[in-house]
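# Summary of the model geometry
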Amino acid sequence: MTDHAAPRDRDDGPILWVNTLFLSLSPFVAAALIPLYLWYSGSHWALWAAAFTLWIFSGLGITIGYHRLFAHRSYEGSPLWRFLSLIAGASALQNSAIVWAAAHRRHHQHTDHEGDPYDATRGFWWAHMKWIFHDNDRADDLSNVPDLKADSLVVWQDKWYWAIALVVNVGLPLGLGLLIGHPWGMLLFAGLARIVFTHQATFCINSLCHILGTQPWSKNNTSKDSWICAYLTFGEGYHNFHHTFPADYRNGLRWYHFDPAKWAIWTGNHLGLTSNLKRTEAPIQWRKKFERQTERYETSLSQIVPETNEDWSQRIESARLQVDKNLTRWSQKLREYHRACRDGQVSASLLRSVRLSRRAFRRAWKQFLALEQTMPQPA
Ligand SMILES: [Zn+2]
Ligand SMILES: [Zn+2]
């Protein structure tokens, strides 16, 4: 993973020394002080428990709150949910929700291009944290978050961000530490070291999740799906899916995909704390998979010998049309079904036609995919 040099004419803005020194040195300071503390002052179970709990709290504050709720509005949260998300987000020490969301929306709008604050094409370290070292004019541009500027709770958190961050990152660990007679230990474990872990987990979303993994949904940008990244980033590792369907409240689509934020939002829904969870409909997901498979066939066709190319072009095109036709029909039937649900008029025959159209699509898809097995290998 090399770090490509920025073009000469690129103005990243002046260096922010507080950000640069803190982010560069904090991992080393924490790694050096923890063994020293344990050696001289001994351990206490509460140090580890508080650090772990606050790590989960702050990590989920970013994924559940800053990312999926405020930046993408992929679901709605009750005032209590939003308040807790804002406190948890502030404990991750990554700026206020409004500033974080504005940068993240720019990342989605300009992914891999000028205007993307953490453009992964500039290399691992830029996307990981070097972008935070610079004072960029665009960081103050909040024109893309009018909805958040109208949310009084979000505005309150922005106004008092540093006070809240100090209370949760210094006051809380200090208070807990005094209770167990380890004030410095708790500041080190539940404060500094925990912040380092939370920072690195979030930073990996912008760096590793654009480098490591596969692209089953789209090749339009560098985002990747990777179960390893999911474990490192509180479930944000299915990043290719996320960039393709950013309004979906899930990152890990399947139930077994590691995505604690998805499980928490879903549980919140059953407790009446979250609502209007947005999901991408199955035919829309399949449409993307269909486009990716078509691209793969086009690549393969361009590599096989010309004598067999024409025959295979026709076979693929006829299977492709079948998939397209059946996918469109399934989408139409689902739309009819949703309309009928709204009107309270779901009939047995409509349900049957939805099932049949889905089955017909699956059959056509299988035949389309089967061509890959028998297709001649590239010359
Ligand atoms: Zn991304
Ligand atoms: Zn996002």
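Right, let's get into the layout of surface pockets. Of the volumes computed, that of the second largest pocket is approximately 320 Å³. Along the walls of the second largest pocket sit 14 residues, with Ala51, Phe189, Ala193, Arg194 and Phe197 positioned nearest its centre. Among the secondary structure elements, those contributing two or more residues to the lining of the second largest pocket are helix 1 (17-41), helix 2 (45-71) and helix 9 (183-206). With six residues, helix 9 is the single largest residue contributor to the lining of the second largest pocket. Classifying every residue of the lining of the second largest pocket gives twelve nonpolar, one polar and one charged.

What follows is about the coordination of the zinc ion (ligand 1). Coordination of the zinc ion (ligand 1) by the protein comes from His107 (NE2), His210 (NE2), His239 (NE2) and His243 (NE2), over a distance range of 2.1 to 2.2 Å. Around the zinc ion (ligand 1) sit four donor atoms, and with donor-metal-donor angles ranging over 94 to 156° the site reads as irregular. Ordering the donors of the zinc ion (ligand 1) by residue number gives the pattern H-x102-H-x28-H-x3-H. Of this pair, His107 sits in helix 4 (residues 97-109) while His243 sits in helix 11 (residues 239-244), and the two are 136 residues apart along the sequence. A relative accessible area of 0% means that His107 is categorised as buried. Residue classification places His243 among the buried positions, given a relative accessible area of 11%.

Turning our attention to the coordination of the zinc ion (ligand 2). For the zinc ion (ligand 2), the full set of protein donor atoms is His67 (NE2), His72 (NE2), His104 (NE2), His108 (NE2) and His242 (NE2), at a range of 2.0 to 2.2 Å. Taken in chain order, the donor set of the zinc ion (ligand 2) reads H-x4-H-x31-H-x3-H-x133-H. Each member of the pair His67 and His72 is classed as buried.

Attention now goes to the environment of Leu327. As for its placement among the helices and strands, Leu327 is situated in helix 14 (residues 306-343). Along the backbone, Leu327 and Phe83 are 244 residues apart, and their C-alpha atoms lie at a distance of 42 Å. Apart from the residues within four sequence positions on either side, Leu327 is in contact with Pro283, Trp286, Arg287, Phe290 and Phe361.

Taken as a whole, this structure holds 13 salt bridges when the rule is applied. Between Arg68 and Glu236 there is a salt bridge, and its shortest N-O distance comes to 3.2 Å. Note that Arg68 is positioned in helix 2 and Glu236 in the loop between helix 10 (227-232) and helix 11, a separation of 168 residues in sequence. In this structure, Glu336 and Lys333 form a salt bridge, with 3.5 Å as the shortest nitrogen-oxygen distance. Taken together, the residues span about one helical turn, with Glu336 and Lys333 both in helix 14 at a distance of three residues. By relative accessible area, Lys333 is classed as buried at 14%. Bridged by salt links that share partners, the residues Arg68, Glu236 and Asp259 form one connected network.

Once the domains are mapped, the protein chain shows domain 1 (17-275) and domain 2 (282-374). Here the C-alpha centre of domain 2 lies 38 Å away from the C-alpha centre of domain 1. Listed as interface residues are nine residues of domain 1 and, on the opposing side, six residues of domain 2. Surface buried jointly by domain 1 and domain 2 totals about 710 Å² across both partners, of which 59% is contributed by carbon and sulfur atoms.

Right, let's talk about unusual backbone geometry for a bit. Most of the time, phi is negative for any residue but glycine, and the peptide bond is trans. Positive phi values are uncommon outside glycine, yet Leu93 reaches one of about 50°. In this fold, Leu93 is placed in the loop between helix 3 (79-91) and helix 4. Exposure remark for Leu93: the relative accessible area of 22% places this residue in the partly exposed category.

Residues Ile15, Trp17, Leu21, Leu25, Val29, Leu33, Leu36, Trp39 and Tyr40 make up a contiguous nonpolar surface patch of about 1000 Å² in total accessible area. Assignment of secondary structure puts Leu36 in helix 1.

Topologically, Arg194 is positioned in helix 9. Aside from chain neighbours lying at most four places away, what touches Arg194 is Ala51, Leu54, Trp55, Ser58, Ser91, Val168, Asn169 and Phe189.

The rules behind the values
- Residues numbered from 1 in each chain as written.
- Chains lettered and ligands numbered in written order.
- Predicted model: local features only at pLDDT ≥ 70, side-chain atom pairs only at ≥ 80, totals over all residues.
- Heavy atoms only, no water.
- 1 Å grid on protein atoms, 1.4 Å probe; cavity = no way out; pocket = protein on both sides within 12 Å on 5 of 7 lines; lining within 4 Å.
- Points joined across faces, edges and corners; volume = space filled by probe spheres on them.
- Helix = DSSP H or I, 4+ residues; strand = E, 2+ residues; numbered from the N terminus.
- Nonpolar A, V, L, I, M, F, W, Y, C, P; charged D, E, K, R; others polar.
- Donors = N, O, S within 2.8 Å, 3.2 Å for Na, K, Ca; no water.
- Tetrahedral: all angles 85-135°; square planar, octahedral: opposite > 155°, others 65-115°.
- Buried < 20%, exposed > 50% of the residue type's maximum accessible area, 1.4 Å probe, protein only.
- Contact = heavy atoms within 4.5 Å.
- Salt bridge = Lys/Arg side-chain N within 4 Å of Asp/Glu carboxyl O.
- Domains from an automatic or database assignment.
- Buried area = accessible area lost by both parts, 1.4 Å probe.
- Patch = residues over 30% accessible without salt bridge, like charges linked within 9 Å, V, L, I, M, F, W, Y side chains within 5 Å.
- Areas by Shrake-Rupley, 256 points an atom, 1.4 Å probe, with all protein chains shown as cover.

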